[in-house]
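Spelled out from the first residue to the last, the chains are:
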Amino acid sequence: MRWHHDPVDVALTLAEAAQVLEPPLTERQLRALVRVLRWEPCGTRQTGRRGHPRATYPASDIFGLHAALMPFLRTTKQNA
């Protein structure tokens, strides 16, 4: 039997993304970037609490944005 692996894009909330990015970006910074870039969420996730569900974005987009910002994040961190 041959295995077939389809590429899967995981969706993350901005809070989840902020926890895994290194060097880190805060959820607030990510939210500002998403707003400036006018990204639309790819879905929503219930939080288990009352209120609005959290917007999710493709992890590949978030990681790609982070990779593009890395040179600037490193420079800023070194200068601090």
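A short tour of the structure in this document, coming up. Every value quoted in this text rests on a predicted model; they were computed, and no experiment measured them.

A separate point is the overall build of the chain. In terms of regular secondary structure, the chain is built from three helices and three strands. The order of helices and strands in the chain, counted from the N terminus, is β-α-α-β-β-α. Going through the 80 residues of the chain one by one, you find that 22% of them count as buried. Here the analysis covers contacts within the chain between residues at least 6 apart in sequence; of these, 57% occur between residues at least 24 apart. About 6,600 Å² of surface is accessible on the chain, with carbon and sulfur atoms providing 55% of the total.

The subject of this paragraph is the pairing of strand β3 (residues 54-58). Bridging between strand β1 (residues 11-12) and β3 involves two bridges; their strand directions are antiparallel. Across the sheet, residue L12 finds its bridge partner in β3, namely Y57. When strand β2 (residues 43-45) meets β3, the two strands line up antiparallel, connected through three bridges. By the bridge assignment, T44 is partnered in β3 with A55.

Read from one edge to the other, the open sheet built from three strands follows the order β1-β3-β2, with strand pairing classed as antiparallel. Strands at the two margins of the open sheet, each flanked by one partner only, are β1 and β2.

So, about the environment of R54. One can find R54 in strand β3. Overall, R54 belongs to the partly exposed group, its relative accessible area being 37%. Between the C-alpha atom of R54 and that of T13, which follows or precedes it by 41 residues, the distance is 6.5 Å. When sequence neighbours within four positions are dropped, the list of residues in contact with R54 reads T13, A15, E27, G43, T44, R45 and T47.

As enumerated under the stated definition, the model contains three salt bridges in all. Residue E16 pairs with R45 through a salt bridge whose shortest N-O separation is 2.5 Å. Placement of the pair is E16 in helix α1 (residues 14-20) and R45 in strand β2, with a sequence separation of 29 residues. Its relative accessible area of 30% is what places R45 among the partly exposed residues. Where E27 meets R54, a salt bridge forms, and the shortest distance between an N and an O atom there is 3.4 Å. Here R54 lies in strand β3 and E27 lies in helix α2 (residues 27-37), a separation of 27 residues in the sequence. Assessed through its relative accessible area of 24%, E27 is described here as partly exposed. Linked through salt bridges whose partners overlap, the residues forming this network are E27, R31 and R54.

The rules behind these values
Residues numbered from 1 in each chain as written. Predicted model: local features only at pLDDT ≥ 70, side-chain atom pairs only at ≥ 80, totals over all residues. Heavy atoms only, no water. Helix = DSSP H or I, 4+ residues; strand = E, 2+ residues; numbered from the N terminus. Buried < 20%, exposed > 50% of the residue type's maximum accessible area, 1.4 Å probe, protein only. Contact = heavy atoms within 4.5 Å. Areas by Shrake-Rupley, 256 points an atom, 1.4 Å probe, with all protein chains shown as cover. Pairing = 2+ DSSP bridges. Salt bridge = Lys/Arg side-chain N within 4 Å of Asp/Glu carboxyl O.

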